[in-house]
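Observations on chain architecture
The chain contents come next:
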Amino acid sequence: KNHILYPFSKKISSTYDQENVFLTDKEVSILIKLNEYKIIGKNDLLIDVWGYNTEIKTSTVETHIHRLRKKLSKFSNSKLEILTNKDGYSIK
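Let us look at the structure shown here. (Residues numbered from 1 in each chain as written. Predicted model: local features only at pLDDT ≥ 70, side-chain atom pairs only at ≥ 80, totals over all residues. Heavy atoms only, no water.)

**So, the nonpolar core**
Note that soluble globular proteins tend to have their nonpolar side chains buried in a common cluster. To be explicit about the condition: In plain words, nonpolar cores are sets of buried Ala, Val, Leu, Ile, Met, Phe, Trp, Tyr and Cys residues tied together by side-chain atoms within 4.5 Å. For every residue, the accessible area obtained with a 1.4 Å probe (protein chains only) is divided by the maximum for its type, and the residue is called buried under 20%, exposed over 50%, and partly exposed between those limits. Strands are runs of DSSP state E lasting at least two residues, helices are runs of H or I lasting at least four, and both sets are numbered from the N terminus onward. By definition in these notes, contact holds between two residues if any of their heavy atoms fall within 4.5 Å.
One finds Ile-12 and Leu-72 to be the most contacted residues of the largest nonpolar core, which totals 20 residues. Going through the elements one at a time, helix H1 (25-36), helix H2 (42-50) and helix H3 (60-72) are the ones with two or more residues in this core. Ignoring anything within four residues of it in the chain, the contact list for Ile-12 reads His-3, Ile-4, Leu-5, Glu-19, Asn-20, Val-21, Leu-23, Leu-31, Leu-72, Phe-75 and Leu-80.

**Brief notes about H2**
How we decide: Regarding the arc, it is the one traced by the directions from the helix axis to the C-beta atoms.
The complete set of buried residues in H2 reads Leu-45, Leu-46, Val-49 and Trp-50. On an axial view of H2, the arc spanned by its buried residues comes to 105°, and they lie on one face. Of the surrounding secondary structure, the elements contacted by the buried residues of H2 are H1, H3 and strand E5 (88-91). Where H2 ends, the next residue or the one after it, Gly-51, has phi of about 70°, a positive value.

**Focus: the packing of aromatic side chains**
Our working definition: Ring pairs are drawn from Phe, Tyr and Trp, using the six-membered ring of Trp, whenever the two centres fall within 6.5 Å, and their geometry is named by plane angle: stacked under 30 degrees, edge-to-face over 60, tilted for the rest. Placement of a charge over a ring requires the Lys NZ or Arg CZ to be within 6 Å of the ring centre, with the centre-to-atom vector within 35 degrees of the ring normal.
Throughout the structure, instances matching the rule amount to zero aromatic pairs. When the ring centre of Tyr-6 is taken as reference, the NZ or CZ atom of Lys-11 above it lies at 5.4 Å.

**What to know about the environment of Asn-2**
The residue Asn-2 is located in the segment before strand E1 (3-6) in this model. On the basis of relative accessibility, which here comes to 38%, the residue Asn-2 falls in the partly exposed class. Along the chain, Asn-2 and Ser-14 lie 12 residues apart, while their C-alpha atoms are 5.8 Å from each other. Filtering out sequence-adjacent residues up to four positions away, Asn-2 remains in contact with Ser-13, Ser-14, Thr-15, Tyr-16 and Ser-78.

Set out below in C-alpha cells:
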C-alpha cells in the first residue's frame, strides 16, 4: 500500500516518506513474484526468476532474499517486509 515499484527504473519508493531504494534486476523480479502470489515457494522462485531446474542445489534464493531484506529495511517510517514460513515467502 505504501510502496510503489518502478521496475524499469529498478527502484521502489515509499509514498509515506518519499524514500527510494534501488534494486537489481533479480530483486525487481522477486518483488514482482511476491506481489503476484500470496505465498511463493523457493522452487517456484528458482523457476520463475532464474529459470533453474528445481533439482539444482543452490542458496541463490536465500542470498537474494537476505540482500533484499537489508535494502527494504532502509525505509525508515514505512514497513515493507519479506516473511518466510514453511510454505515459502510472502510480502507484508
